[in-house]
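Structural description and commentary
Listed below are the residues making up each chain.
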Amino acid sequence: MPDATFPLPEYPAYDPAAIEASWQKRWADNGTNAPNLESGKDPYYQLMMFPYPSGEGLHIGNLFAFTGADIHGRFQRLQGKTVFEPIGFDSFGIQTENYAMRVGEHPAALTPRNVQRFREQLQRAGLMVDWTKEVITSDPSYYKWTQWLFLQLYKQGLAYKKAAAVNWCPSCKTVLANEQVKDGLCERCESLVEQRLLEQWFFRTSKYAPRLLENIATLDWSEVTKQAQRNWIGRSEGAHVTFRVANAHDVTVFTTRPDTIFGATWLVLAPEHPLVAEITSAAQRTDVAAYLERTKTQDVVSRRVSKEKTGVFTGAEAINPATGQPIPVWIADYVLMEYGTGAVMGVPGHDQRDFDFAQNFALPVIRVVVNASDDAATPLTEAYLSKSDADVMVNSAHFSGMPVPQAKAAVTAWLQERSSAQAVVNYRLNDWCISRQRYWGPPIPIIYCDSCGPVPVPEEQLPVVLPLIEDFRPDDSGISPLARHDEWYRVPCPECSAMGRRETDVSDNFLDSAWYFLRYPSANRSDVPFDAALTKRWLPVTTYIGGNEHAVLHLLYSRFITMALKDAGFIDFEEPFTRFRAHGMIIRDGAKMSKSKGNVVNPDDLIDRWGTDSFRTYLMFLGPYEEGGDYRDSGITGVRRFLDRIWASMHECVTTGAPDPVVVRKLHATIKKVGEDIPQLSYNTAIAAMMEYVNVLRTNERTVHRDEVLPLVQLVAPFAPHIAEECWAYAGGVASVFDGGWPTYDPALLIADTITIAIQINGKTRGTVIVGKDATQPDVYAAAMLEPNIAKFLQDEPKKVIYVPGRLLNIVL
RNA sequence: GCCGACGUGGUGGAACUGGUAGACACGCCAGACUUAGGAUCUGGUACUUCACGGUGUCCGGGUUCGAGUCCCGGCGUUGGCACCA
């Protein structure tokens with residue numbers, strides 16, 4: 001930066017702090033970033049994932065995410081679209097509640113402060129956010145509609161209550177979703193997770209599994225995200241096969257390998273299977289009871305992580321419908337009640353888990369699939385998982401000798417004829433448990449009445465306001481703290497007016513964020529969750545940019561809610577996000593930033609030192625936006641120099657004379673490149689292209705013409721909006737640079753008069769020649785012969801000559 | 001175990017459908033202007049060789065006139081899921 005002791009320049013030094021504050025104020029005063037949602041032409045809904053307002057303030061990852069989304073939104077605006085770029089705060093939830101407990105404050109006191117701090121930081125970040133449509137999920141004006149949403153799903157039969165074995169964290173004292181359990185430990189506090197049986201509210205996400213899966217193909221989303229969704233939904237084709245058990249009961253299993261049924265030498269039920277009690281023989285009752293007790297009290301770690309196969313014999317026998325032979329029925333906790341039918345057939349020869357089980361309990365192994373080169377008599381040392389289409393059946397009655405793929409269908413059909421099987425498709429997507437026995441969330445709007453049962457709170461009585469209570473801490477009763485407050489808890493039944501009790505569970509934080517994008521355009525409306533006309537005009541979201549850590553849950557829940565609302569007739573689309581792009585993660589020194597590692601970077605300090613524009617541009621320059629990058633302190637100087645040079649060029653430029661054609665040619669190439677890179681989120685290469693242009697622009701301190709620099713100001717505007725506005729205004733631009741459009745390029749100017757052709761001998765580059773742009777192969781060849789370095793190789797006639805016009809000539813000797 | 005991504009100078013990273021590997025930037029070296037330089041500008045910077053040249057995109061094969069890019073087989077790093085029948 002220029003020093004004050006030096007002869008003063010004739011123009012003001014680039015002072016980011018001053019111009020950034022001034023432009024942020026002007027944008028707010030002029031409503032620059034608040035589009036007219038009713039009438040703006042070409043609506044473009046640019047969404048970014050709203051932050052959870054933590055006590056630590058915004059971190060660099062947030063700003064990386066938001067800046068990337070903002071650049072995209074600003075670019076769309078420069079293309080003439082009316083861009084709506086809202087933001088809000090995901091302020092309910094267990095994170096805030098846990099933080100509040102840690103610092104000994106009430107979440108209701110903490111949240112507004114955190115939100116305010118986030119707001120200030122976000123405003124400094126120079127985002128094109130429409131602050132008039134801000135949404136705060138913990139505000140009654142928002143969660144009123146979250147509760148309304150619950151009621152709509154309830155009416156549709158998509159919300160129901162059931163007793164379920166849940167993951168219980170003894171430290172957080174709450175139920176955890178399966179997704180919140182990592183290796184049997186609580187995702188947040190890393191305590192051992194236990195199992196408990198509780199009455200919970202569920203949404204029927206499983207009903208939508210096929211649609212959620214099929215629609216993925218129609219979405220313009222990052223491929224990684226789509227794949228993660230597919231895996232999560234987990235479709236598998238197979239069959240339900242029914243076994244007769246103890247001459248009295250039918251037990252249905254799900255299998256993806258019906259072809260291996262001749263190798264099924266036992267049947268296993270999950271410990272929670274409803275038939276366990278009925279089929280257990282008198283002799284085995286004690287052992288079974290002991291086993292059930294053990295699996296129930298066992299913590300989830302030993303159940304889910306140690307894959308040791310345990311089990312107990314029920315004393316019952318089942319008939320294998322293929323062989324007609326009796327096989328023993330076992331109970332084992334490697335069978336999960338949540339998946340399939342909660343029962344499986346044990347085929348030790350061709351399933352590794354069954355093989356391990358057979359080893360532990362000395363159960364017979366029958367091989368029913370062999371590879372062409374294998375001998376069926378060789379004892380197996382592990383399960384043979386059929387991988388080749390050349391595998392054939394053995395020991396399988398009249399199916400022996402049949403190739404495996406064919407046998408899958410044939411065996412199913414054969415069993416089906418005998419009413420023992422049915423081809424089915426199974427999904428691993430479970431229903432969504434939305435109950436949380438906690439305080440900091442929207443109370444689920446249900447009242448229990450002794451005579452009427454569960455009664456939904458009438459819509460006109462919403463919101464069910466979360467009461468301000470001092471002792472919001474959960475205890476280990478498993479019941480929400482709200483139950484301890486009679487004046488809130490006791491309430492008349494809406495139907496019969498007898499005294500009833502409120503549901504004390506609050507809903508999952510993911511429900512708050514599963515519909516916020518619907519609320520934004522209608523954020524100022526208190527009478528409806530979303531205005532019909534505005535929703536029609538602005539949704540679905542045009543482009544959504546966010547972290548891939550939400551690739552599964554948040555995005556899937558949002559899709560589910562959107563589908564449910566469509567089916568209920570509230571909206572006319574069923575996919576909320578037309579285009580989704582996942583950004584990468586910012587790491588430092590090859591590792592995630594974390595407080596414990598002490599490698600956290602504070603964005604405020606960087607903005608103070610270098611300015612928002614430099615900081616934004618630097619974040620985008622670190623690496624490909626969709627991959628993230630490695631943060632280093634040293635690199636930001638290069639970006640700041642780049643902006644300094646733009647500033648200097650603008651203030652030193654002349655309007656007399658004509659722009660240099662060579663510079664103009666480079667300018668047009670840069671306009672093309674930047675305009676192509678931004679929509680693909682190739683921000684790092686767009687910035688590199690502009691830097692290259694600046695290097696040409698200022699070569700040897702040449703005099704810059706205004707027409708050479710003004711389009712550059714427009715190109716850089718999405719990245720560095722404040723300096724762009726300032727330069728635009730300096731050059732006499734009226735209004736905002738963002739209403740000035742995007743520069744166009746002349747394709748004719750991109751074609752140079754001369755081109756450089758690489759000359760290769762046997763594929764090895766030996767030199768280059770410069771020829772006219774229309775040079776033919778003989779022209780290039782002749783030119784190459786004038787180069788001594790090339791000519792010396794050509795004592796003999798070349799065998800072959802390959803010419804790639806405009807690129808290279810390869811002479812093969 | 002399953003699914004995915006990635007592997008290029010001292011560093012972050014470029015390289016469109018196979019076509020001059022290392023754009024751009026940091027750092028470093030040298031020079032200019034300077035009382036000064038942590039400002040600005042200019043030049044250089046993959047490795048190796050005095051040079052001509054040779055070698056280079058994780059390793060080993062292959063396809064091709066030509067491979068960072070495509071194919072096969074390894075190794076490594078990283079993200080997600082995981083007793084899902």
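What counts, and where the lines are drawn
Residues numbered from 1 in each chain as written. Chains lettered and ligands numbered in written order. Predicted model: local features only at pLDDT ≥ 70, side-chain atom pairs only at ≥ 80, totals over all residues. Heavy atoms only, no water. Pairing = 2+ DSSP bridges. Helix = DSSP H or I, 4+ residues; strand = E, 2+ residues; numbered from the N terminus. Contact = heavy atoms within 4.5 Å. Axes fitted to C-alpha atoms, helices over the stretch in contact; angles between N-to-C directions. Core = buried A, V, L, I, M, F, W, Y, C linked by side-chain atoms within 4.5 Å. Buried < 20%, exposed > 50% of the residue type's maximum accessible area, 1.4 Å probe, protein only. Near = heavy atom within 4 Å. Polar contact = N/O pair within 3.5 Å; in protein donor to acceptor, adjacent residues only side chain to side chain. Nonpolar A, V, L, I, M, F, W, Y, C, P; charged D, E, K, R; others polar. Salt bridge = Lys/Arg side-chain N within 4 Å of Asp/Glu carboxyl O. Arc of directions from axis to C-beta. Expected span 1.5 Å × (residues − 1). Phe/Tyr/Trp six-rings, centres within 6.5 Å; stacked < 30°, edge-to-face > 60°. Lys NZ or Arg CZ within 6 Å of the ring centre and 35° of its normal. Parallel < 35°, antiparallel > 145°, perpendicular 65-115°, else oblique.

Glancing now at the sheet that holds strand β2 (residues 82–84). A sheet is described by the order of its strands in space; here 5 strands give the open sequence β2-β1-β27-β28-β10, paired in parallel fashion. Unpaired on one side and paired on the other, β2 and β10 (220–221) mark the two borders of the sheet. Here strand β27 (residues 543–547) runs beside strand β28 (residues 579–583); their pairing, made up of 4 bridges, is parallel. Along β28, the bridge assignment pairs Ile-545 with Arg-581. Those strands touched by helix α2 (residues 60–78) are β1 (43–48), β2, β27 and β28, and its axis lies near 175° from that of β1.

Turning next to the sheet that holds strand β29 (residues 585–588). Sheet strands line up and pair through hydrogen bonds in the backbone, either parallel or antiparallel. In space, the 3 strands of this open sheet follow the order β30-β29-β31, with mixed pairing throughout. The open sheet has two free edges, formed respectively by β30 (591–592) and β31 (628–631), since each of these has just one partner strand.

With that settled, the discussion passes to the nonpolar core. Membership of the largest hydrophobic core comes to 81 residues, with the highest contact counts inside it found for Phe-203 and Ile-561. Sort the elements by how many residues they give to this core and helix α17 (residues 553–567) lands first, with 9 residues. Apart from residues no more than four positions distant in its own chain, Ile-561 is found in contact with Leu-149, Leu-153, Phe-203, Trp-432, Leu-511, Ala-514 and Trp-515. Listed in part, the 80 residues of the second largest apolar core include Met-48, Ile-671, Val-704 and Cys-727.

Around RNA strand B, a shell composed of 58 residues is seen, among which Thr-256, Lys-309, Arg-353, Arg-641 and Arg-807 lie nearest. Within 4 Å of the protein, atoms of RNA strand B come from sugar and phosphate in 63% of cases. The contact in question runs from a base oxygen of RNA strand B to an N or O atom on the side chain of Lys-309, over 2.5 Å. Asn-810 places a side-chain nitrogen or oxygen 2.5 Å from a base oxygen of RNA strand B. Counting residues per element, the surface near RNA strand B draws most heavily on helix α22 (residues 683–697), at 6 residues. Here the residues of the surface near RNA strand B are counted per class, giving 21 nonpolar, 18 polar and 19 charged.

Looking at the element boundaries, Ala-159 is found in strand β5 (residues 159–169). On a C-alpha basis, the gap between Ala-159 and Trp-432 in space is 9.4 Å, while along the polypeptide they are 273 residues apart. The residues touching Ala-159, leaving out its near neighbours within four places in the chain, are Phe-150, Leu-153, Tyr-154, Trp-201, Phe-202 and Phe-203.

Turning to the pattern of salt bridges, a few remarks are in order. Using the criterion set out here, one finds 36 salt bridges in the structure. Across the pair Asp-527 and Arg-525 runs a salt bridge, and its minimum N-O distance is 2.9 Å. The class of Arg-525 is partly exposed, set by a relative accessible area of 28%.

Structurally, the position occupied by Ala-532 is in helix α16 (residues 532–538). In the structure, Ala-532 is positioned 302 residues away from Arg-230 in sequence and 32 Å away in space, judged by C-alpha atoms.

Right, let's talk about helix α18 (residues 603–610) for a bit. Listing the buried residues of α18 in full gives Pro-603, Asp-604, Leu-606, Ile-607 and Trp-610. Take α18 and look down its axis: the buried residues cluster within an arc of 165°, on one side only. Structural note: α18 exposes Asp-608 and Arg-609 on the side pointing more than 90 degrees away from its buried face. In this fold, the buried residues of α18 make contact with α1 (16–30), α2, α4 (107–124), α19 (612–621), β31 and α20 (636–652).

A word on helix α5 (residues 140–155). Given a rise of 1.5 Å per residue, 16 residues ought to cover 22 Å, and the 22 Å separating the end C-alpha atoms of α5 matches this to within 8%. When you tally the buried positions in α5, you get 12 out of 16 residues, the bulk of the element. Buried within α5 are the following residues: Tyr-142, Tyr-143, Lys-144, Trp-145, Thr-146, Gln-147, Trp-148, Leu-149, Phe-150, Leu-151, Gln-152 and Leu-153.

So, on to the side chain of Thr-265. Following the sequence through the fold, Thr-265 ends up in the loop between β12 (249–255) and β13 (266–269). The buried category is assigned to Thr-265, whose relative accessible area is 6%. What Thr-265 contacts, discounting residues up to four positions off in sequence, is Ile-327, Pro-328, Gly-346, Pro-348, Pro-364 and Ile-366.

This paragraph deals with the packing of aromatic side chains. This model, assessed by the stated rule, comprises 45 aromatic pairs. Taking the centre distance of 6.0 Å and the plane angle of 50° together, the rings of Phe-262 and Phe-399 count as tilted. In this pair, Phe-262 is assigned in the loop between β12 and β13 and Phe-399 in the loop between β18 (392–393) and α12 (404–417), connecting sequence segments 137 residues apart. Note on accessibility: Phe-262 and Phe-399 belong to one class, buried. Arranged with centres 5.8 Å apart and planes meeting at 45°, the rings of Phe-313 and Trp-330 form a pair that is tilted. In this pair, Phe-313 sits in strand β14 (residues 312–319) while Trp-330 sits in strand β15 (residues 326–331), placing the two residues 17 residues apart along the sequence. It is Arg-74 that lies over the ring of Trp-27; its NZ or CZ is 5.0 Å from the centre. Lying over the aromatic face of Trp-488, Arg-502 brings its terminal NZ or CZ to 5.3 Å of the ring centre.

So, on to the pairing of strand β9 (residues 194–203). With 10 bridges joining them, β5 and β9 adopt antiparallel strand pairing. Each residue of the ladder has a partner; that of Ala-163, found in β9, is Glu-199. Summarising the sheet, β9 and strand β20 (residues 432–433) pair through 2 bridges and their orientation is antiparallel. Looking at the pairing, Phe-202 lines up with Cys-433 of β20.

Within the element layout of this structure, Thr-535 appears in helix α16. Sequence spacing of Thr-535 and Leu-37 is 498 residues, and the spatial spacing of their C-alpha atoms is 10.0 Å.

So, about the packing of α19 against helix α24 (residues 721–730). It is at 7 Å that the axes of α19 and α24 come closest, and there the two elements cross at 125°. In terms of orientation, α19 and α24 fall into the oblique class. Within the contact between the two elements, α19 uses Thr-612, Asp-613 and Arg-616 and α24 uses Pro-721, His-722 and Ile-723. Residue composition of the contact of α19 with α24, grouped by class: 2 nonpolar, 2 polar and 2 charged.

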